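Each chain is listed here by its residues.
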Amino acid sequence: VKRELIIETKLISQEQDIEPTALRLGNKREQLFGKFIELEKNLIASKKRQQQFLELVDELDAEINKLNRSRIAGGILDKVAISNCPSCDQHVKVANLNGQCGLCHQPIQNKGGTRNRIEMELKQLASEKKEIDKILETCVNDMSLIETEYNGKKEEIEMIDRRIKSLTKTYAVFTDPE
């Protein structure tokens, strides 16, 4: 009888400990889940921001390629002697073209101006791309930190879920009528 009384007292004591523990775990899980959802939103926003920067880098690369092709074409066309008009195919008088355009014979005000403008734009685009690459690197680092924290919260929630499940099974033993 004494032994049964000790066992029953012990069981009642454990049963009373289970409820507050389960309640504390539930509250902690709720707090973690709120933080988990917030991190998930931040992670999605960070991925979206990263994608936008990657698209911008692609656009800059395309523009840089266009300007490089223009520069190359300009260098080739500078050396072409115009003999016929590209519009009406009539012979163009080739005279001493010192400082004049070979097609329209207008004075060339700023020889190399187009080339200089292209070079200036290329430098500007390269600078912008460098700046975006730095921002992108920061974005990737931030996203990595968010993912680490996100995964940590996920593990904590899973651990609490396992603990609650264990407590539920233990509680069921005390409340099972058999």
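Please read these numbers as outputs of a predicted model, since none were measured by experiment. (Residues numbered from 1 in each chain as written. Predicted model: local features only at pLDDT ≥ 70, side-chain atom pairs only at ≥ 80, totals over all residues. Heavy atoms only, no water.)

Caption draft 1: Local environment of the overall build of the protein. Tallying secondary structure elements over the protein gives 2 helices and 0 strands in all. Residues classed as buried in the protein amount to 17% of the 178 residues present. Of the contacts made within the protein by residues no fewer than 6 positions apart, 76% connect residues no fewer than 24 positions apart. Approximately 14,000 Å² of the protein is accessible, and the part contributed by carbon and sulfur atoms is 53%. (Helix = DSSP H or I, 4+ residues; strand = E, 2+ residues; numbered from the N terminus. Buried < 20%, exposed > 50% of the residue type's maximum accessible area, 1.4 Å probe, protein only. Contact = heavy atoms within 4.5 Å. Areas by Shrake-Rupley, 256 points an atom, 1.4 Å probe, with all protein chains shown as cover.)

Caption draft 2: Spatial organisation of the packing of aromatic side chains. In total, this model carries 2 aromatic pairs according to the counting rule given. Chaining the aromatic ring pairs together yields one cluster made of Phe33, Phe36 and Tyr150. (Phe/Tyr/Trp six-rings, centres within 6.5 Å; stacked < 30°, edge-to-face > 60°.)

Caption draft 3: Examining the side chain of Ser46 more closely. As for its position among the elements, Ser46 is in helix H1 (residues 2-78). Residues contacting Ser46, with those up to four places away along its chain left out, are Cys139, Met143 and Ile146.

Caption draft 4: Representation of the nonpolar core in the model. Counting 11 residues, the largest nonpolar core is built from Leu25, Leu32, Phe36, Leu39, Leu43, Met143, Ile146, Tyr150, Ile157, Ile160 and Leu167. Elements supplying a minimum of two residues to this core: H1 and helix H2 (113-175). The element contributing the most residues to this core is H2, with 6 residues. For Tyr150, the residues in contact, after removing those within four places along its chain, are Phe36, Leu39, Glu40 and Leu43. Counting 10 residues, the second largest nonpolar core, distinct from the first, contains Ile64, Leu67, Leu122 and Ile132. (Core = buried A, V, L, I, M, F, W, Y, C linked by side-chain atoms within 4.5 Å.)

Caption draft 5: Local environment of the pattern of salt bridges. All told, the structure shown has 7 salt bridges when counted by the stated rule. A salt bridge links Asp61 to Lys129, with the shortest nitrogen-to-oxygen separation between them at 2.8 Å. Placement of Asp61 in helix H1 and of Lys129 in helix H2 is noted, with a sequence separation of 68 residues between them. Overall, Lys129 belongs to the partly exposed group, its relative accessible area being 24%. Each member of the salt-bridge network shares a partner with another, and the members are Lys35, Glu38 and Glu149. (Salt bridge = Lys/Arg side-chain N within 4 Å of Asp/Glu carboxyl O.)

Caption draft 6: Up close: the environment of Asp61. For Asp61, a relative accessible area of 27% corresponds to the partly exposed category. Placed 65 residues apart in sequence, Asp61 and Ala126 show a C-alpha to C-alpha distance of 9.0 Å. At 2.8 Å, the side chain of Asp61 and the side chain of Lys129 are in polar contact. (Polar contact = N/O pair within 3.5 Å; in protein donor to acceptor, adjacent residues only side chain to side chain.)

Caption draft 7: The arrangement of unusual backbone geometry in detail. One non-glycine residue with positive phi stands out, namely Asp89, at about 65°. Inspection of the secondary structure assignment puts Asp89 in the loop between H1 and H2.

Caption draft 8: Structural context of the side chain of Lys153. As for its placement among the helices and strands, Lys153 is situated in helix H2. What makes Lys153 buried here is its relative accessible area of 18%. For Lys153, the contacting residues outside a window of four places in its chain are Leu32, Lys35, Phe36 and Leu39.

Caption draft 9: Region of interest: the environment of Leu39. Checked against the element boundaries, Leu39 lands in helix H1. Sequence-wise, Leu39 and Lys153 are 114 residues apart; in three dimensions their C-alpha atoms are separated by 9.0 Å.

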